[in-house]
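Below are the chains, spelled out letter by letter.
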Protein chains: 2
Amino acid sequence: MSTPPKVEIICIGNELLIGKILNTNAHWLAKRITSLGLSVRRITVVGDDLDEIASAIKETIQRKPSFIITTGGLGPTFDDKTLEGVARAIGRELEENKEALEMIKRKYEQYVVEGRIEKFEMTQYRLKMAKLPRGAKPLPNPVGTAPGVLIEYEGVVMIMLPGVPQEMMAIFDESIVPLLQRAAGNLTFYEASLDVRGVPESELAPLIEHVMHDNPYVYIKSHPKISEKTHHIELHISTTSDDPNVAKQRIERAIMQISNLIYEKGGKVKPLQI
Amino acid sequence: MSTPPKVEIICIGNELLIGKILNTNAHWLAKRITSLGLSVRRITVVGDDLDEIASAIKETIQRKPSFIITTGGLGPTFDDKTLEGVARAIGRELEENKEALEMIKRKYEQYVVEGRIEKFEMTQYRLKMAKLPRGAKPLPNPVGTAPGVLIEYEGVVMIMLPGVPQEMMAIFDESIVPLLQRAAGNLTFYEASLDVRGVPESELAPLIEHVMHDNPYVYIKSHPKISEKTHHIELHISTTSDDPNVAKQRIERAIMQISNLIYEKGGKVKPLQI
């Protein structure tokens, strides 16, 4: 059985560290990457601080994931420092990238046509978005102005996406999904959930262990829910396989076994919509 | 001016890495810790994997924050590995903690009274929640069964909280807030937001730089919103101070200056509710 390629996500932005916004980007990416058959191993959130960004990226490269995907810090303001952080982490200079420059120019010329700005000037702030680490490739941004960026370094594919969710998602869908699909081959993630009542988690624990031991490619995790009157737990059952029938059989077998054990303990089980 | 104590958050759970759930725990903690006057420097998310947990904790300790707060992995199942990870990271044995054992016993005895279980037995799975790294202190869990855990190591206060949000929040409010308040002294975080329309972010960038240069204790960050017809940006203005009047004056002065510069560019500004 082949193992899924590893992915790490790095989210950059003070707004995440002060709790101003929920990290919906990491959630969306993790869900999409998992469903494409790859495995997210770590999510790191750092602020708009050059040292922090550079060291988070350096540490992540050392763990040798197949892909690193960053969000945030690609815009025109002084605190958009992601590309400077990447350049420092991999020891390459930032340089004006012609393709990126063209993308940015076309975007602002379009804004002139739409009446969103009066005229186009290539200021140092706009130019900033076209300064990429040497060897990088810009990725078209169908929604906003800052291009995404792709760069390969020591066998790791690094992809830098903007922090604005609509821009991040659009570049991911257009430019990144095909790369990830190719890396995952036919591997796909399959999951199911059960709603369990009437058995405390500490009594479910040995049942889960037993069923996982008997089904080595299936992962079962219990998620306790707060409930006043009874013990209430969600059981999440998942597997990764390159064969949908094999995956389906694995999940069904595990569900059958754990359900029977729960009934024996006097608990109730019903399937949950995911 | 004193600088705020640094905090790092580590969230543990496969459900976060597969995108099954949004990381509302990190968001809630980051907001609360920031409002208490401390500074969250990094958030790390890892799965239920002993190596990953231990190395994330070890790396975090090396950055020497004042506090490390973890969520998740304290329950009775085999994949609740946080305390084992902490023990390995700091080179201390796990041992039965009498105080923790008492807390857990009382909880299950209460479940018998409430009719949620028939009788109480101290199984190995329940005992597991009372095995803490040597020198650790259990923190009462007013909502669920697994106690929180506090341990000091090389000048870093490490606090382990459960992953169930209601349990995490209850232990935080009861046992952690007083510790953080003492560490922060009178420091408090102040913020305001402006809704800006009609100026692209690349033209706002030099204005922000100018105002921040003139107001060294104020941080201004632009958050572009996707809008079809016009440029639309949220400006977030923040400062940390031990004097509410000083903070208020700083924020008001920065708002006045940036608003005037935006009007000059033909843009519109209005205050936003936070």
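In case you missed it, the structure is sitting above this.
All values derive from a computational prediction rather than experimental measurement.

(A) Summary view of the packing of aromatic side chains. Scanning all chains against the criterion turns up 8 aromatic pairs over all chains. An angle of 55° between the planes, with centres 6.5 Å apart, marks the rings of Tyr219 of chain A and Phe78 of chain B as tilted. With one member in each of two chains, Tyr219 of chain A in strand 10 (residues 219-225) and Phe78 of chain B in the loop between strand 3 (67-71) and helix 4 (82-90) form a pair that bridges those chains. The exposure class of Tyr219 of chain A is partly exposed, given its relative accessible area of 22%. Phe78 of chain B sits in the partly exposed class, given a relative accessible area of 27%. Ring geometry for Tyr108 of chain B and Tyr111 of chain B: centres 5.5 Å apart, planes at 85°, overall edge-to-face.

(B) Inspection of the sheet that holds strand 3 (residues 67-71) of chain A at higher detail. The 12 strands are arranged 6(A)-7(A)-8(A)-3(A)-1(A)-2(A)-2(B)-1(B)-3(B)-8(B)-7(B)-6(B) in an open sheet whose pairing can be described as mixed. The open sheet has two edge strands with one neighbour each: strand 6 (137-139) of chain A together with strand 6 (137-139) of chain B. This sheet shows a mean twist of 20° between the axes of neighbouring strands, independent of strand direction. Judged from the 7 bridges that link them, strand 1 (residues 6-12) of chain B and strand 2 (residues 39-46) of chain B form a sheet pairing that is parallel. Residue Ile10 of chain B lies in a different strand from strand 2 of chain B, and its bridge partner there is Thr44 of chain B. The sheet contacts of helix 4 of chain B involve strand 1, strand 3, strand 7 (148-153) and strand 8 (156-161) of chain B, and relative to strand 8 of chain B the element is tilted by about 160°.

(C) Representation of the pairing of strand 1 (residues 6-12) of chain A. All names here are of chain A. For strand 1, the tally of buried residues reaches 6 of 7 residues, placing the bulk of the element in the interior. Where strand 1 meets strand 3, 5 bridges bridge the pair, whose relative direction is parallel. Its bridge partner being in strand 3, Cys11 is matched across the sheet by Thr71.

(D) Representation of the relation of the copies chain A and chain B within the structure. Mapping chain A onto chain B calls for a screw motion: a turn of 180° about the axis and a shift of 0.0 Å along it, with 0.0 Å RMSD after fitting. Such a combination of rotation and displacement between the chain copies is what one expects of a two-fold axis. When C-alpha distances to the rotation axis are compared across chain A, the minimum falls at Thr44 of chain A, with a value of 2.3 Å. A shared interface surface links the copies, since 100% of the contact residues of chain A are contact residues in chain B too.

(E) Quick peek at the pairing of strand 7 (residues 148-153) of chain A. Residues and elements named next belong to chain A. Within strand 7, 5 of the 6 residues are buried, leaving the element largely enclosed by the surrounding structure. Pairing of strand 7 with strand 8 (residues 156-161) involves 5 bridges; the strand directions are antiparallel. Bridge pairing in strand 8 places Tyr153 opposite Val156. In sequence, strand 7 turns back onto strand 8 through a hairpin of 2 residues, with Glu154 there showing a positive phi of about 45°.

(F) Representation of the packing of helix 2 (residues 24-35) of chain A against helix 7 (residues 165-184) of chain A in the model. Residue and element names in this part refer to chain A. The interhelical angle for the contact between helix 2 and helix 7, taken along N-to-C directions, is 20°, at an axis separation of 12 Å. Accordingly, the angle class assigned to the pair helix 2 and helix 7 is roughly parallel. As helix 2 runs across helix 7, the sense of the crossing is right-handed. Mapping the contact onto sequence places Asn25, Trp28, Leu29, Arg32 and Ile33 in helix 2 and Pro165, Met168, Met169, Phe172, Asp173, Val177 and Leu180 in helix 7. Of the residues in the contact of helix 2 with helix 7, the class split is 9 nonpolar, 1 polar and 2 charged.

(G) Layout of the sheet that holds strand 9 (residues 188-197) of chain B. Residue and element names in this part refer to chain B. Here we have 4 strands laid out as an open sheet, ordered 10-11-9-12, and antiparallel in their pairing. Every other strand in the sheet has two partners, leaving strand 10 (219-225) and strand 12 (268-272) as the edge strands with one partner each. Looking at each pair of strands side by side, their axes are set apart by 25° on average, direction ignored. In this structure, strand 9 lies alongside strand 11 (residues 232-241), joined through 10 bridges in antiparallel fashion. Considered in strand 11, the bridge of Phe189 is made with Thr240. In this fold helix 8 (residues 201-214) packs onto strand 9, strand 10 and strand 11, with an angle of close to 170° to the strand it touches most, strand 10.

Quick notes on the rules
- In this numbering scheme, every chain counts its residues from 1 along its sequence in written order.
- Ligands are numbered from 1 and chains lettered from A, in the order in which they are written.
- Predicted model: local features are reported for residues with pLDDT of at least 70 only, side-chain atom pairs are reported and counted for 80 or more only, and whole-chain, interface and lining totals are derived from all residues.
- Water and hydrogen atoms play no part in the side-chain values, which are based on all heavy atoms of the structure.
- Two aromatic rings from Phe, Tyr or Trp, using only the six-membered ring of Trp, form a pair when their centres are within 6.5 Å; if the ring planes differ by under 30 degrees the pair is stacked, by over 60 it is edge-to-face, and anything between is tilted.
- The helix and strand labels rest on DSSP assignments: H or I over at least four residues marks a helix, E over at least two residues marks a strand, and numbering proceeds from the N terminus.
- Categorising residues by exposure relies on relative accessible area from a 1.4 Å probe, with only protein chains included: less than 20% of the type maximum marks a residue as buried, more than 50% marks it as exposed, and the intermediate range marks it as partly exposed.
- Note on pairing: two strands pair once DSSP finds at least 2 bridges between them.
- Axis definition: a line fit to C-alpha positions, over the contact stretch in the case of helices; interaxial angles, taken between N-to-C directions, run 0 to 180 degrees.
- We call two residues in contact when some of their heavy atoms are within 4.5 Å.
- To line up the copies, we fit them by least squares on C-alpha atoms, keeping just the residues with pLDDT of at least 70 in both.
- Any angle from 65 to 115 degrees is called roughly perpendicular, while one under 35 is roughly parallel, one over 145 is roughly antiparallel, and all others are oblique.
- Here a crossing is called left-handed whenever its near helix is offset anticlockwise from the far helix by less than a right angle, and right-handed whenever the offset is clockwise.
- Under this grouping Gly is polar, as are all residues other than the nonpolar Ala, Val, Leu, Ile, Met, Phe, Trp, Tyr, Cys and Pro and the charged Asp, Glu, Lys and Arg.

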